[in-house]
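A closer look at the structure
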Amino acid sequence: MDFFNDQVISEIRSFAENDLIAGYTYQDLKTIDLNVEDQKTPAIAIELKQPLFPFFNDERQNYFVNAELIIFVSPNNGAFIYEGSYFNDSLTAFNLLNSLPEYIDNPVNHEYFDNLIPNVVDNRIGFNRLQNTLFVPSNVSLPEIILNINVLLGARNAMLTFGILSH
Amino acid sequence: MKLNNSSVDPIIECLEKFILPGYQFSDCLVRNAELGEDAVEYFMLIEQKMNQFNEINDENVMLGIILTNDSTSNAVIINEATPSPAEYGLNNAYSLICNLLGNQISDDQFNQLCNQIEPMDSYKYFIDQHGCLTTMADEINPIKVVSGINILLSLRSNLITSIFE
């Protein structure tokens, strides 16, 4: 079960350094162990930096937030690319929206987020209510996992865009 | 290796499956390229959902992404199509944000917006002489070409967000 051998990790890192969608900058990649379906499961965490422009045009347009992706191969169910907050207090889209002053008194709830996904994004994307994270299920194939990284980041941007502009 | 139907088919298949959320692949047309006698270009017609920017706006807009071979290497040039209201109502990112704003912005303002989203010195994209977003894939490889297209689409989405905000 060691999908993440040196070669695979190096290709994922190279993709994250060079080919992420606009606005995301690679910071670091770490190997970690997750507990998935009660089994210790190797995973990788990719740390990213994201500017708050274009979401804000006030003084926050110069701020950056940390974002993070977790990739793992489930013992039984294929691969997954998740938003993470394993290192660096990274904010998932759901948590980022709820951290904004305009949402503090009127938080986004899970049901709202669930309903929004097929409308604003599409059915490739899932939402994990326990961890407040968007995720993309993937076949266990390196090309598909790599391509799904940008699918997840694009979904994150679309949800942030809708969440911020509609408020 | 050259772009031809058999090298473009896997790119289309990959794009349909992994296009940036908010967009949908619609069609691919083969056309004669402006440069070179026997050169062809592949014109990807893409539909963009607008409801992430404006919840009451369910209208979709169309854009074109053109794939051509670089004449001196195996690279693929990935280029937004110039605006063509008569043809599918196509808009590139520049003309779409001018339309949304209701006035023209200067090339400098457009460059600044792009640069604030993704610094141009990351070399992920550039803006051609027609104001179209452009990038390259260094070989005819579906992952690289689709990633390049997604970089342009994400830049376009972020540009629109900056206008609505």
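These remarks concern the structure in this document. (Residues numbered from 1 in each chain as written. Chains lettered and ligands numbered in written order. Predicted model: local features only at pLDDT ≥ 70, side-chain atom pairs only at ≥ 80, totals over all residues. Heavy atoms only, no water.)

**Here we look at the sheet that holds strand 2 (residues 39–51) of chain A**
Residues and elements named next belong to chain A.
- Strand order in the open sheet made by the 6 strands is 1-2-3-4-6-5, with antiparallel pairing throughout. At either margin of the open sheet sits one strand with a lone partner, and together these are strand 1 (25–36) and strand 5 (126–128). The sheet shows a mean angle of 30° between the axes of neighbouring strands, taken without regard to direction.
- In the sheet, strand 1 pairs with strand 2 via 11 bridges, with the strands oriented antiparallel. (Pairing = 2+ DSSP bridges. Helix = DSSP H or I, 4+ residues; strand = E, 2+ residues; numbered from the N terminus. Axes fitted to C-alpha atoms, helices over the stretch in contact; angles between N-to-C directions.)

**Overview of the sheet that holds strand 4 (residues 76–80) of chain B**
All names here are of chain B.
- The strand order 1-2-3-4-6-5 describes an open sheet built from 6 strands, whose pairing is antiparallel. Both outer strands of the open sheet, strand 1 (23–32) and strand 5 (126–127), are each paired with one neighbouring strand and no more.
- When strand 4 meets strand 6 (residues 133–137), the two strands line up antiparallel, connected through 4 bridges. Counterpart to I77 in the pairing with strand 6 is M136.

**Here we look at the pairing of strand 6 (residues 133–138) of chain A**
Residue and element names in this part refer to chain A.
- Within strand 6, 5 of the 6 residues are buried, which leaves the element mostly enclosed by the surrounding structure.
- Where strand 4 (residues 79–83) lies against strand 6, 4 bridges are found, and the strand directions are antiparallel. Bridging from a neighbouring strand, Y82 pairs with F135 of strand 6.
- With 3 bridges joining them, strand 5 and strand 6 adopt antiparallel strand pairing. When the sheet's bridge partners are listed, N128 is paired in strand 6 with T133. (Buried < 20%, exposed > 50% of the residue type's maximum accessible area, 1.4 Å probe, protein only.)

**Quick notes on unusual backbone geometry**
Residues and elements named next belong to chain A.
- The omega torsion of the bond from F53 to P54 falls at 15°, within 30 degrees of zero and hence cis.
- Assignment of secondary structure puts P54 in the loop between strand 2 and strand 3 (64–73).
- Despite not being glycine, E37 shows a phi value in the positive range, around 50°.
- Relative to the assigned elements, E37 resides in the loop between strand 1 and strand 2.

**As for helix 4 (residues 110–120) of chain A**
Residue and element names in this part refer to chain A.
- For helix 4, every residue scored as buried is listed here: F113, L116, I117 and V120. Down the axis of helix 4, the sector holding all buried residues measures 115°, keeping them to one side. Projecting away from the buried face of helix 4 at angles above 90 degrees are the exposed residues E111, N115 and P118.
- Measuring from the side-chain oxygen of the N-cap residue of helix 4 to the backbone nitrogen of E111 gives 3.2 Å; that N-cap residue is N109. (Arc of directions from axis to C-beta. Polar contact = N/O pair within 3.5 Å; in protein donor to acceptor, adjacent residues only side chain to side chain.)

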